[in-house]
Amino acid sequence: MLKSPPLVFRRGVLVLFGFLFMWSPLAADQMPRIVFDHTHTYAETAAYLNDVTEAFPKLTRLHTIGRSYLGKDLLVLELTNRDTGPGLDKPGFWIDGCMHSSETAGGEISLHTIQTLVSGYGHDPFITRILDENTFYIMPKLNPDGSDFAITRPGDMRSVVRPFDDDGDGRLDEDPAEDLNGDGYITMMRIRDDNGPLRSSPQDPRLMIPAGRGMEPGEWEGEWRVFPEGVDNDQDGRINEDGIGGIDINRNFPEQWQPAPLSMNPGP
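All values reported here derive from a predicted model rather than from experimental measurement.

Asks: So what about helix H4 (residues 125-133)? Which residues, and what values?
Replies: Helical periodicity: at 3.6 residues per turn, an α-helix aligns residues three or four positions apart in one direction. Restricting attention to buried positions, one finds in H4 the residues Ile 127, Thr 128, Ile 130 and Leu 131. Looking at the buried positions of H4, the neighbouring elements they touch are strand E2 (73-79), helix H3 (105-120) and strand E4 (135-139). Measuring from the backbone nitrogen of Phe 126 back to the side-chain oxygen at the start of H4 gives 2.8 Å, which picks out Asp 124 as the cap.

What follows is the structure, given as structure tokens:
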């Protein structure tokens, strides 16, 4: 007859199994799901960050560091193994995306980095070590209002959506670019302008070359000026000069950037 193992041994085995169970990597079907087949909105990003925080309570902590102009929480995910020490006691790495509204690749890279770290912990020795010894602070949507605007509407925008008087006429955002042909995109258009910087290519009139090339006098004359799609909404002779927003938060830092007009769209 086999004898039962000593009580101390059984307790040690239980503790060991409990430790392994606590830190065992999640199965594939338990991993928070994110598919990189499209650009993620703020709502999708926030849902994923909350799912990751719930799935990996020992590795992650979700911080709200403020609110955007439209009231969205500014979310930063902290990632480290807190059993090896508090996050603030370790070297820290900051990663953010979507500071500029339409530069959405940074947000996707931030999300992919999070997924790589949490799915690799306990599987990959390098990832395990860096999360044991370091802290990551990852903010996929630094400018969530602008990012959603750029993702869900045609056109390009660099700034935040806070209304701003770009042309100094006392009105806000009154002359934005427009999708004139309704194709879902705001692309470039050309208009006739004898003083414009471009003229038709002699090889193909659909193409344009800089005015001033060539030896004949006529080759120095301009024909075209190029603008993003739109009209002169405020009838001031300019097209699309006061679009949505206008403050470039990448130039709104208190150091290393000059105020307007020495720097473009730095805001107050």
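This is not the end of the story, as more comes after the structure.
Asks: Residue-level account of the sheet that holds strand E1 (residues 60-67), with values.
Replies: Read from one edge to the other, the open sheet built from 4 strands follows the order E1-E2-E4-E3, with strand pairing classed as mixed. Looking at the sheet topology across the chains shown, the edges are occupied by E1 and strand E3 (92-96). Averaged over all pairs of adjacent strands, the angle between strand axes in this sheet comes to 20°, irrespective of strand direction. Each of E1 and E2 is contacted by helix H2 (residues 42-55), which is oriented at about 35° to E2, the strand it contacts most. Together, E1, E2, E3 and E4 form the strand contacts of H3, whose direction differs from that of E4 by roughly 145°.

Asks: I'd like a description of the nonpolar core, backed by residues and values.
Replies: Core analysis: the largest hydrophobic core is formed by 22 residues, its most contacted members being Tyr 48, Val 52, Leu 79, Ile 114, Leu 117, Leu 131 and Phe 136. Those elements that place two or more of their residues in this core are H2, E2, H3, H4 and E4. With 5 residues, H2 is the largest single contributor of residues to this core. With residues near it in sequence (within four places) discarded, Tyr 48 still touches Pro 32, Arg 33, Ile 34, Leu 111, Ile 114 and Gln 115.

Asks: Give a detailed account of H3, specifying residues and quantitative values.
Replies: A rise of 1.5 Å per residue sets the reference length of H3, with its 16 residues, at 22 Å; its end C-alpha atoms lie 22 Å apart and thus fit the reference within 8%. Along H3, the residues classified as buried are Gly 107, Glu 108, Ser 110, Leu 111, Ile 114, Gln 115, Leu 117, Val 118 and Gly 120. On its buried face, H3 sits against H2, E1, E2, E3, H4 and E4. Of the residues one or two after H3, Gly 122 is the one with positive phi, at around 85°.

Asks: How would you explain the pairing of E4 if you had to name every residue and give the values?
Replies: Buried residues dominate E4, accounting for 5 of its 5 residues. Judged by which residues are buried, E4 turns out to be covered on both faces: Thr 135, Tyr 137 and Met 139 on one side and Phe 136 and Ile 138 on the other are all buried. Across 3 bridges, the pairing between E2 and E4 is antiparallel. When the sheet's bridge partners are listed, Leu 77 is paired in E4 with Ile 138. Taken together, the 5 bridges between E3 and E4 define a ladder with parallel strand orientation. Each residue of the ladder has a partner; that of Trp 94, found in E4, is Tyr 137.

Asks: Residues and numbers for the environment of Glu 241, please.
Replies: Tracing the sequence through the fold places Glu 241 in the segment after strand E8 (224-228). In this structure the C-alpha to C-alpha distance between Glu 241 and Pro 176, which are 65 residues apart in sequence, comes to 6.9 Å. For Glu 241, the residues in contact, after removing those within four places along its chain, are Asp 166, Asp 167, Glu 174, Asp 175, Asp 234 and Asp 236.

Asks: So what about the packing of aromatic side chains? Which residues, and what values?
Replies: One pass over the structure, following the stated rule, counts 1 aromatic pair. Centroid distance Phe 93 to Phe 136: 5.4 Å. Interplanar angle 25°. Geometry classified as stacked. On the criterion of sequence distance, the pair formed by Phe 93 in strand E3 and Phe 136 in strand E4 is long-range, its members being 43 residues apart. Its relative accessible area of 12% is what places Phe 136 among the buried residues. Cation over ring: Arg 190 sits above Trp 224, and NZ or CZ is 4.0 Å from the ring centre.

Asks: Please set out the pattern of salt bridges residue by residue, giving values where relevant.
Replies: Going through the model one piece at a time under the given rule, you end up with 11 salt bridges. A salt bridge links Arg 129 to Glu 133; the nearest nitrogen and oxygen atoms lie 3.7 Å apart. A residue pair is termed a helical-turn pair when its members lie 3 or 4 positions apart in one helix, as Arg 129 and Glu 133 do in helix H4 at 4 residues. Judged by its relative accessible area of 42%, Glu 133 is partly exposed. Among the charged side chains, a network of salt bridges with common partners joins Arg 158, Asp 248 and Arg 251.

Procedures and definitions
- Counting from 1, residues in each chain are numbered in the order their sequence is written.
- Where local features are concerned, this predicted model is filtered to residues with pLDDT of at least 70; where side-chain atom pairs are given and counted, the filter is 80 or more; whole-chain, interface and lining totals use all residues.
- Only heavy atoms go into the side-chain values, all of them from the structure, while hydrogens and water stay out.
- Buried means the residue's accessible area, taken with a 1.4 Å probe over protein chains only, is under 20% of the maximum for its type, while exposed means over 50%, and partly exposed covers the values in between.
- Where helices and strands are cited, they refer to DSSP runs of H or I of at least four residues and of E of at least two residues respectively, numbered from the N terminus.
- The contact rule is simple, with two residues in contact once any of their heavy atoms fall within 4.5 Å.
- Any pair of nitrogen or oxygen atoms within 3.5 Å is treated as a polar contact; in protein, a donor-acceptor pairing is required on top of that, and neighbouring residues in sequence qualify only through side-chain atoms on both sides.
- One bridge is not enough; two strands pair if DSSP finds at least two bridges between them.
- In this analysis, axes come from line fits to C-alpha atoms, helices being fitted only over the stretch in contact, and the angle between any two N-to-C directions falls in the range 0 to 180 degrees.
- Take the buried residues of types Ala, Val, Leu, Ile, Met, Phe, Trp, Tyr and Cys, join any two whose side-chain atoms come within 4.5 Å, and each joined set is a nonpolar core.
- In this analysis, the expected span of each helix is defined as 1.5 Å times one less than the number of residues it contains.
- For Phe, Tyr and Trp, where Trp contributes only its six-membered ring, two rings pair if their centres lie within 6.5 Å, and the inter-plane angle classes them as stacked under 30 degrees, edge-to-face over 60, or tilted in between.
- Geometrically, a lysine NZ or arginine CZ counts as sitting over a ring once it is within 6 Å of the ring centre and also within 35 degrees of the ring normal.
- Salt bridges are defined as contacts in which a side-chain nitrogen from Lys or Arg sits within 4 Å of a carboxyl oxygen from Asp or Glu.

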